Amino acid sequence: MRLRLELFVDDLAVSEGFYTGLLGFEVVSRAADYVSVRRGSVLFGLGPVSKLPADDDRPWPGPHGPRRPFGPGFTRRRLAADRGAGTEIVLELDDVGEVAALHDRCLAADVVVDDLRQRPWGLWDFRIVDPDGYYLRLTHR
């Protein structure tokens, strides 16, 4: 099994530049409206929000009935509320020195929202937000 996260983005070029230029991902495939980037075993697919349907009135499936007014799928309306809410994407680097070096680059790019520090569980990490509001924690193994 492999894990691929698909992130819906406003500007494909800006997001590609963020992940490749700042975080060290490499482009592994590209289409007119989709880019896949990889760093180690992490694979992100980047696709434009503009290609999603505007809305979805289908009810949510399951025994609990409708939970949201805009359906079970990804829509522009659903993502406009708060893209990535409730999700923290954790990227594990090989060592704390690599985390510190990446922290310095992210500080210079003004994307750090929680500074590098040692956590009570013993790991060093920091948190950033990408151009589309996705929340990422960078830590070491």
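Residues numbered from 1 in each chain as written. Predicted model: local features only at pLDDT ≥ 70, side-chain atom pairs only at ≥ 80, totals over all residues. Heavy atoms only, no water.

Here we take up the overall build of the chain. Scanning the chain for helices and strands turns up 3 helices and 8 strands. Beginning at the N terminus, the succession of helices and strands in the chain can be written as β-α-β-β-β-α-β-α-β-β-β. Counting all 141 residues of the chain, 38% fall into the buried class. When the accessible surface of the chain is totalled, it reaches about 8200 Å², and 53% of it is carbon and sulfur. (Helix = DSSP H or I, 4+ residues; strand = E, 2+ residues; numbered from the N terminus. Buried < 20%, exposed > 50% of the residue type's maximum accessible area, 1.4 Å probe, protein only. Areas by Shrake-Rupley, 256 points an atom, 1.4 Å probe, with all protein chains shown as cover.)

This paragraph deals with the pairing of strand β3 (residues 34-39). In the sheet, strand β2 (residues 26-31) pairs with β3 via 5 bridges, with the strands oriented antiparallel. The residue of β3 that forms the bridge with Glu 26 is Arg 38. Linking β2 back to β3 in an antiparallel pair, the connection comprises 2 residues. Direction of pairing for β3 relative to strand β4 (residues 42-48): antiparallel, over a ladder of 5 bridges. Bridging from a neighbouring strand, Arg 39 pairs with Val 42 of β4. Connecting the antiparallel pair β3 and β4 is a turn made up of 2 residues, with Gly 40 showing a positive phi of about 60°. (Pairing = 2+ DSSP bridges.)

Among soluble globular proteins, nonpolar side chains are generally buried collectively. Counting 28 residues, the largest nonpolar core has Tyr 19, Leu 23, Phe 44, Ile 128 and Leu 138 as its most contacted members. When contributions to this core are tallied by element, the ones reaching two or more residues are β1 (4-9), α1 (12-22), β3, β4, β5 (88-93), α3 (96-108), β7 (124-129) and β8 (135-140). The dominant element in this core, judged by the number of residues it contributes, is α1, at 4 residues. In this structure Phe 44 touches Leu 5, Leu 7, Tyr 19, Phe 25, Val 35, Ser 36, Val 37, Ile 89 and Leu 91, once residues within four positions along its chain are discounted. (Core = buried A, V, L, I, M, F, W, Y, C linked by side-chain atoms within 4.5 Å. Contact = heavy atoms within 4.5 Å.)

Our next topic: the sheet that holds β8. In space, the 4 strands of this open sheet follow the order β5-β8-β7-β6, with mixed pairing throughout. Of all strands in the sheet, those bounded by a partner on one side alone are β5 and β6 (112-118). Here the strands of the sheet are splayed against their neighbours by 15° on average, with no regard to which way each runs. Pairing of β7 with β8, which is carried by 5 bridges, proceeds in the antiparallel orientation. Its bridge partner being in β8, Val 129 is matched across the sheet by Tyr 135. (Axes fitted to C-alpha atoms, helices over the stretch in contact; angles between N-to-C directions.)

Residues of α1 that are buried include every one of Leu 12, Ser 15, Glu 16, Phe 18, Tyr 19 and Leu 22, and no others. Looking one or two residues beyond α1, the residue adopting positive phi is Gly 24, at roughly 80°.

All right, on to α3 then. Helical geometry note: an α-helix holds 3.6 residues per turn, so side chains three or four residues apart project in the same direction. The first and last C-alpha atoms of α3 sit 19 Å apart over 13 residues, in line with the 18 Å expected at 1.5 Å per residue. Where α3 is buried, its residues meet α1, β3, β5, β6, β7 and β8. The N-capping residue of α3, defined by a side-chain oxygen 2.9 Å from the backbone nitrogen of Gly 97, is Asp 95. Immediately downstream of α3, the backbone of Asp 110 shows phi near 60°, a positive value. (Expected span 1.5 Å × (residues − 1). Polar contact = N/O pair within 3.5 Å; in protein donor to acceptor, adjacent residues only side chain to side chain.)

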